[in-house]
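Listed here are the chains, written in short residue letters.
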Amino acid sequence: MTQPGFSEKVIDTSDAATGITSIVPCDFNNDGYADITTSQSYPNEIAVYFNTGNGDYENRQLVSTAAYYPVDLAAADLNDDGWNDLISISRQDEKLAWYPNQNGSFGDQIVIDTGFFFTVEVVTDDFNADGYPDLIALDDTVVRYYQNDGEGNFTSSTLAGQTEFYSIDIADINGDDLPDVLLGTLQIYTYINNGDGTFTRDTRNDNLISSFIFEIETGDIDGDGDMDMAIYYSNTNPDIDWYENDGTGKFSLGGNITQSSNDVKRMELVDLNNDNHPDFLTAYGQTGQLVWMENNAQGLFSSENIIGTYDALLDQVATTDTDLDDDLDIFCSAGSTGLFAWENLLTATGKHDKPSTTQRLHPNPATNYVNLRNSSAGQVDFYNLQGKQLKENTLKKGANSISLNLPKGVYLVRWSDGKSHFTQKLVVK
């Protein structure tokens, strides 16, 4: 059964596209379109698929074979040259590394750190507010924080240790425009960003969950202006629940998203139907189902809408606007079958309106702030190109000046005036 509103595109079904452990959309050749990078646990390769500009992708191009069992990727401009670089973390060689982008092609691997025990994930953001993207590496036994000097050199410190870590997400959970850190173990750990490269653990959430936390995803689920979180526990618990943020970073159980999940490796809170509310997207590994649940903006989700079903185990999901039609398309990997995309047709009739001259964000490119004049009170949301909600601000009628505090890069900005919805890409330099 296939859900109306999505159309499948085959990206790569060659043997090289098997065993995908991570899918990361990002514009690597500065043409304005999101390309796709993947890591493969077998045959231990990192590859890129360049966007042709119409939502299709060129043949797979090899980036590196120097990472032994790469388990996760991230992308950011680490050396401040205007080109997005690639970061990998790999398990068998216990290595964190990056690959400099040289005008749309990638240079040799540069090792950042080694000596991990069981690598899990790597994330990037400007944690110390110096304008350069930093890194956090999640290992089974330790969480390491790497501050970037703007040239791709890093100073390492330990963020957390003394337990087993399974998942990580970053979001501003206390409303100060700084990215905080959420860690999943047998409970939830929340670390508040002090803005100077240090973090303070908020122990108020320590007793909230007493279960494995294998996946964390954040977004404003209930539309109250702060970042909530969705939790997938483990294969022994088919529930995925969401937890409400009180605005200060303290969470409480908000409700249930589904009671029938299985073998979830990645999940996302992204706005698939352009109503300015994050829906829930994931892949069920054991049943091979790619599913989404519509959010009614009050924390209630629809039952599973099946986008597609695969005979092979589904592993990874990712989203981006591949064809610049102002909606998020979906990518998924299916075990030994390959890499697939699903074009989003839910809003093909055009649910977003074209901003007027006065309604456009300016300046663009921007550095520290943007201005927006709105015809009435509303809300503006900032997303990365993967569709992850990074921040939101309320809008008053008339002129609004909005502080950014975002790393350099390209973002998707969506706002409303109560009647119409608008979308614009924003460059932060």
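Please read all numbers here as calculations on a predicted model, not as lab measurements.

Novice: Even after reading the chapter, I still don't get the layout of surface pockets, so can you show me in this structure?
Specialist: A volume near 600 Å³ is recorded for the second largest pocket. If you trace the second largest pocket, you find 24 residues lining it, with Arg91, Val120, Glu215, Lys265 and Gln316 closest to the centre. Secondary structure elements with two or more residues in the lining of the second largest pocket: β2 (20–26), β6 (70–76), β12 (119–125), β21 (228–234) and β28 (314–320).

Novice: It is not clear to me how empty space enclosed by the protein should be interpreted in this structure. Could you clarify?
Specialist: A water-sized probe, rolled over the atoms, reveals where empty space remains. Tallied over the entire structure, the rule returns 3 cavities of 30 Å³ or more. Of the volumes computed, that of the largest cavity is approximately 70 Å³. Listing elements by their share of the lining of the largest cavity, those giving two or more residues are β1 (6–12), β29 (329–334) and β30 (338–344). Here the element with the most residues in the lining of the largest cavity is β30; it accounts for 3 residues. Of the residues that constitute the lining of the largest cavity, the class distribution is 5 nonpolar, 2 polar and 4 charged.

Novice: What is the right way to look at the packing of aromatic side chains in this model?
Specialist: Think of a pair of aromatic rings as described by two things: how far the centres are apart, and how the planes are tilted against each other in angle. Here the structure, examined in full by the defined rule, presents 12 aromatic pairs. Note on Phe212 and Phe214: the rings are 5.6 Å apart at their centroids and 55 degrees apart in plane angle, and the pair reads as tilted. Each residue in the set Phe127, Tyr145 and Phe199 is aromatic and connected to the rest through ring pairs, giving one cluster. It is Arg144 that lies over the ring of Phe116; its NZ or CZ is 4.2 Å from the centre. Note that Arg201 overlies the ring of Tyr189, its terminal NZ or CZ placed 3.8 Å from the centroid.

Novice: Any chance you could explain the environment of Lys429 here in plain terms?
Specialist: Mapped onto the elements, Lys429 comes out in the segment after β36 (421–428). Residues in contact with Lys429, not counting those within four places in the same chain, are Pro365, Ala366, Thr367 and Lys408.

Novice: Explain the nonpolar core here, please?
Specialist: A general feature of soluble globular proteins is that nonpolar side chains tend to end up buried together. Ranked by internal contacts, the top residues of the largest apolar core, which has 18 residues, are Leu272, Leu281, Leu290, Ile307, Ile330, Cys332 and Trp342. Counting residues per element, the ones that place at least two in this core are β25 (279–284), β26 (289–293), β28, β29 and β30. Here this core takes 3 residues from β29, the largest share from any one element. Once residues within four sequence positions are removed from consideration, Cys332 is found in contact with Ile23, Leu290, Tyr310, Leu314, Gln316, Val317, Gly338, Leu339, Phe340 and Trp342. Counting 17 residues, the second largest nonpolar core, distinct from the first, contains Leu138, Val143, Leu159 and Tyr189.

Novice: What is the right way to read the pattern of salt bridges from this model?
Specialist: Where side chains of opposite charge bring their charged atoms close, a pairing between them can arise. Scanning the model with the defined rule gives 12 salt bridges in all. We note a salt bridge from Asp202 to Arg204, for which the minimum N-O separation is 2.8 Å. Overall, Asp202 belongs to the buried group, its relative accessible area being 12%.

Novice: What am I meant to see in the side chain of Asn44 here?
Specialist: Mapped onto the elements of the fold, Asn44 is located in the loop between β3 (35–40) and β4 (45–49). Judged by relative accessible area, which is 18%, Asn44 ranks as buried. At 2.8 Å, the side chain of Asn44 forms a polar contact with the backbone nitrogen of Tyr69. What Asn44 contacts, discounting residues up to four positions off in sequence, is Ser64, Thr65, Ala67, Tyr68, Tyr69 and Pro70.

What counts and what doesn't
Residues numbered from 1 in each chain as written. Predicted model: local features only at pLDDT ≥ 70, side-chain atom pairs only at ≥ 80, totals over all residues. Heavy atoms only, no water. 1 Å grid on protein atoms, 1.4 Å probe; cavity = no way out; pocket = protein on both sides within 12 Å on 5 of 7 lines; lining within 4 Å. Points joined across faces, edges and corners; volume = space filled by probe spheres on them. Helix = DSSP H or I, 4+ residues; strand = E, 2+ residues; numbered from the N terminus. Nonpolar A, V, L, I, M, F, W, Y, C, P; charged D, E, K, R; others polar. Phe/Tyr/Trp six-rings, centres within 6.5 Å; stacked < 30°, edge-to-face > 60°. Lys NZ or Arg CZ within 6 Å of the ring centre and 35° of its normal. Contact = heavy atoms within 4.5 Å. Core = buried A, V, L, I, M, F, W, Y, C linked by side-chain atoms within 4.5 Å. Buried < 20%, exposed > 50% of the residue type's maximum accessible area, 1.4 Å probe, protein only. Salt bridge = Lys/Arg side-chain N within 4 Å of Asp/Glu carboxyl O. Polar contact = N/O pair within 3.5 Å; in protein donor to acceptor, adjacent residues only side chain to side chain.

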